Amino acid sequence: MQRTHIAIAIAILLGSITFPALAAEPVIGLITKTETNPFFVKMKEGATAEAKAKGAKLLSAAGKTDGDNAGQVTAIENMIAAGAKTILITPSDSKAIVPTIKKAREKGVLIIALDSPTEPANATDALFATDNYKAGMLVGEYAKTSLAGKPVKIATLDLFPGHPVGAQRHNGFLKGFGLQSFDANNNQLAKPAEVVCMADSFGDQAKGQTAMENCLQKNPDINLVYTINEPAAAGAFNALKKAGKEKGVLVVSVDGGCQGIRDVAAGKIAATSQQYPLKMAAMGVAAGVEYAKTGKKPSGYTDTGVTLIAAKPVAGVDSKDTKTGMDLCWGNK
């Protein structure tokens, strides 16, 4: 009888305790600039794999084109409505997206920028990205050593005015070459006397070719070309080949996509700085899951790494070969 009374008492006690419900799976959003660029395809791949591994639900969206701020605004609003408590974003317009991000953060949503910072950078909770200034410096140092004191006439095929990534890569390249430049916090493009032509390529191969053709018309003696990315570099090479100048001009770039590494191996690009979109996205998802479980937010900038890839190494500049580049590249292998 006593045992029965004890059992009943325990049952009553347990019945009065409210046990917490099992936590729902974290909902994490990923918003890229476009869905077609291999860089963002790889980013989505990294986010998808990490979300699956961590038991999170991933929502994804993208702008229709690079620069489609309205599309990214709509994506943020839709993801919040769908229950996302963390949103990872590669901002198409670093300034215009800030008011929408502010509203999201006021609702308790963790916002992490991937690859590209907002302006100001502290508009988001955190940034996981390549050190784009360093990426530019690496190819600048490589170019300087390769040309061994030879006078230079430089063409820069940039992104478009005011974009932080474009400015950091451009100014880092000039700094690495030892020319007058701005620091990493300045989004203006430096133009020392050695730069005889600057043009916007929008990171596009066709636009890069047109820009290079125009630069060659202005100054046919260009012997060094820096490009914002490898599609622009491929366009520049096509223009140089068309003009019969491809053998006398050094082309350097940034990104590290598989086609870009193939172009380095083929001699179209002398060297490129490789970045790692899959790592950026995986780290972002992991931070989002941690936030959902513990409330801990990441903060500030996390460098996701950059490696110089060159077919021909030069003394004093650390680089890896194209085999290593192909092992780590993104896009179609």
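The sections below set out a description of the structure shown in this document. (Residues numbered from 1 in each chain as written. Predicted model: local features only at pLDDT ≥ 70, side-chain atom pairs only at ≥ 80, totals over all residues. Heavy atoms only, no water.)

**Comments concerning the packing of helix H7 (residues 205-218) against helix H8 (residues 230-242)**
With their axes 7 Å apart at the nearest point, H7 and H8 run at an angle of 45° to one another. Classified by the angle their axes make, H7 and H8 are oblique. The two elements H7 and H8 cross, and the hand of that crossing is right-handed. Counting all contacts with H7, which are made through Gln205, Gly208, Gln209, Met212, Glu213 and Leu216, the residues of H8 involved are Pro231, Ala232, Ala234, Gly235, Ala236, Asn238, Ala239, Leu240 and Lys242. Split into classes, the residues belonging to the contact of H7 with H8 amount to eight nonpolar, five polar and two charged. (Axes fitted to C-alpha atoms, helices over the stretch in contact; angles between N-to-C directions. Helix = DSSP H or I, 4+ residues; strand = E, 2+ residues; numbered from the N terminus. Parallel < 35°, antiparallel > 145°, perpendicular 65-115°, else oblique. Left-handed = near helix turned anticlockwise from the far one by under 90°. Contact = heavy atoms within 4.5 Å. Nonpolar A, V, L, I, M, F, W, Y, C, P; charged D, E, K, R; others polar.)

**A word on helix H3 (residues 69-81)**
The terminal C-alpha atoms of H3 lie 19 Å apart, and with 13 residues this matches the ideal 18 Å at 1.5 Å per residue to within 8%. Turning to H3, its buried residues are Asn69, Gln72, Val73, Ala75, Ile76 and Met79. All buried residues of H3 lie within an arc of 160° about the axis, which places them on one face of the element. Turned more than 90 degrees away from the buried face of H3 sit Ala70 and Ala81, all of them exposed. The backbone nitrogen of Gly71 lies 2.9 Å from a side-chain oxygen of the residue at the head of H3, namely Asp68. Positive phi shows up at Gly83, right after H3, with a value of about 100°. (Expected span 1.5 Å × (residues − 1). Buried < 20%, exposed > 50% of the residue type's maximum accessible area, 1.4 Å probe, protein only. Arc of directions from axis to C-beta. Polar contact = N/O pair within 3.5 Å; in protein donor to acceptor, adjacent residues only side chain to side chain.)

**So, the nonpolar core**
Within the largest apolar cluster, 29 residues are counted, with the highest numbers of intra-cluster contacts made by Tyr142, Phe173, Leu224 and Val252. Only helix H5 (132-147), helix H6 (164-177), strand E8 (224-227), strand E9 (250-255) and strand E12 (307-310) provide two or more residues apiece to this core. When residues in this core are grouped by element, the largest group, six residues, is from H5. Leaving out residues up to four positions away in the same chain, Tyr142 has contacts with Val252, Ala270, Ala271, Leu308, Ala310, Lys312, Val314 and Val317. Ile28, Leu110, Ala126 and Val285 belong to the second-largest nonpolar core, a separate cluster that totals 21 residues. (Core = buried A, V, L, I, M, F, W, Y, C linked by side-chain atoms within 4.5 Å.)

**Section: the sheet that holds strand E11 (residues 300-303)**
Each strand in a sheet pairs with another by means of backbone hydrogen bonds, the pair being arranged parallel or else antiparallel. Taken in spatial order, the six strands of this open sheet run E2-E1-E3-E4-E5-E11, and their pairing is parallel. Either end of the sheet is taken by a strand with one partner, and the two such strands are strand E2 (57-62) and E11. Here the average twist between neighbouring strands, direction ignored, is 20°. (Pairing = 2+ DSSP bridges.)

**Examining the state of the cysteines**
Inspection of the entire model under this criterion finds two disulfides. A disulfide bridge connects Cys197 with Cys215, and the sulfur atoms are separated by 2.1 Å. Residues Cys197 and Cys215 share a disulfide whose torsion about the S-S bond is about -75°; that sign makes it left-handed. Linking Cys197 in strand E7 (residues 195-200) with Cys215 in helix H7, this pair joins segments that are 18 residues apart in sequence. Here the two residues Cys197 and Cys215 agree in accessibility, since each one is buried. Between the sulfur atoms of Cys258 and its disulfide mate Cys329 the distance is 2.0 Å. Measuring the twist about the S-S bond at about 90°, one finds the Cys258-Cys329 disulfide to be right-handed. A residue pair is termed long-range when its members are at least 10 positions apart, and Cys258 in helix H9 (residues 258-265) and Cys329 in the segment after helix H11 (322-328) qualify at 71 residues. When its relative accessible area of 3% is taken as the criterion, Cys329 is described as buried. With cysteine numbering restricted to those in disulfides and following the sequence, the protein chain has the pairing 1-2, 3-4. (Disulfide = S-S within 2.5 Å.)

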